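Observations on chain architecture
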Amino acid sequence: MLTICTTCNEGQGQMLLEAVENEALARDCTVPIRGQACMAACKQSCTAALQGIGKHSYLFGQLAPDAVSVDALLDVAVQHADSADGLLAWSRRPACLKTGLLARLPPL
């Protein structure tokens, strides 16, 4: 599941969500995507999270509602969905998700 904060940075979070949803449709991406009002990382906006049952969760910040962030989020969302434990190899992450990692939480 890819969750994007919709209240980040005066509407830019909503713009990011809509851009990700549109690109996911164009790619036939099957990863679930949803918006969430305030993910409480306002100083790091825009923010997005990856979660899955039995998988590590990730929180990324400092994202812009642009093609670079959209591509990066969809690429790692697919990697996360395809991974048994949700771990994302640092070497396979796009640059904006290497520097913008805010947290990685272990599975419950």
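We now turn to the structure provided with this report. Treat the numbers as computed from the prediction; the structure is a model and nothing was measured.

Attention shifts here to the packing of aromatic side chains. In this structure the tally under the stated criterion is 1 aromatic pair. Each ring, one from Tyr58 and one from Phe60, has its centre 5.9 Å from the other, and the planes form 5°; the classification is stacked. Residue class for Phe60 comes out buried when judged on its relative accessible area of 0%. The residue whose ring lies beneath Lys98 is Trp90, and the NZ or CZ to ring-centre distance is 4.1 Å.

What follows concerns the pattern of salt bridges. In the structure shown here, the tally under the stated rule is 3 salt bridges. The salt bridge partner of Arg27 is Glu23, with a shortest N-O separation of 3.1 Å. With Arg27 and Glu23 both in helix H1 (residues 12–27), this residue pair falls 4 residues apart, about one helical turn. A relative accessible area of 27% means that Glu23 is categorised as partly exposed. Asp75 serves as the salt-bridge partner of Arg27, at 3.1 Å between the closest nitrogen and oxygen. With a gap of 48 residues between them, Arg27 in helix H1 and Asp75 in helix H2 (residues 67–82) connect regions that are remote in the sequence. Taken together, the shared-partner salt bridges connect Glu23, Arg27, Asp71 and Asp75 into one network.

Okay, the side chain of Thr6 next. Residue position: Thr6 is located in the loop between strand S1 (2–5) and H1. Of the residues examined, Thr6 reaches a relative accessible area of 17% and is grouped as buried. In contact with Thr6, other than residues within four places in its own chain, are Gly13, Gln14, Leu17, Gly35, Gln36 and Ala37.

Attention shifts here to the environment of Ser45. For Ser45, the position within the fold is in the loop between strand S2 (33–36) and strand S3 (48–50). Look past the residues within four positions of Ser45 in its chain and what remains in contact with it is Cys8, Asn9, Gln62 and Leu63.

Calculation rules
Residues numbered from 1 in each chain as written. Predicted model: local features only at pLDDT ≥ 70, side-chain atom pairs only at ≥ 80, totals over all residues. Heavy atoms only, no water. Phe/Tyr/Trp six-rings, centres within 6.5 Å; stacked < 30°, edge-to-face > 60°. Buried < 20%, exposed > 50% of the residue type's maximum accessible area, 1.4 Å probe, protein only. Lys NZ or Arg CZ within 6 Å of the ring centre and 35° of its normal. Salt bridge = Lys/Arg side-chain N within 4 Å of Asp/Glu carboxyl O. Helix = DSSP H or I, 4+ residues; strand = E, 2+ residues; numbered from the N terminus. Contact = heavy atoms within 4.5 Å.

Scope: geometric values only; no functional claims are made or implied.
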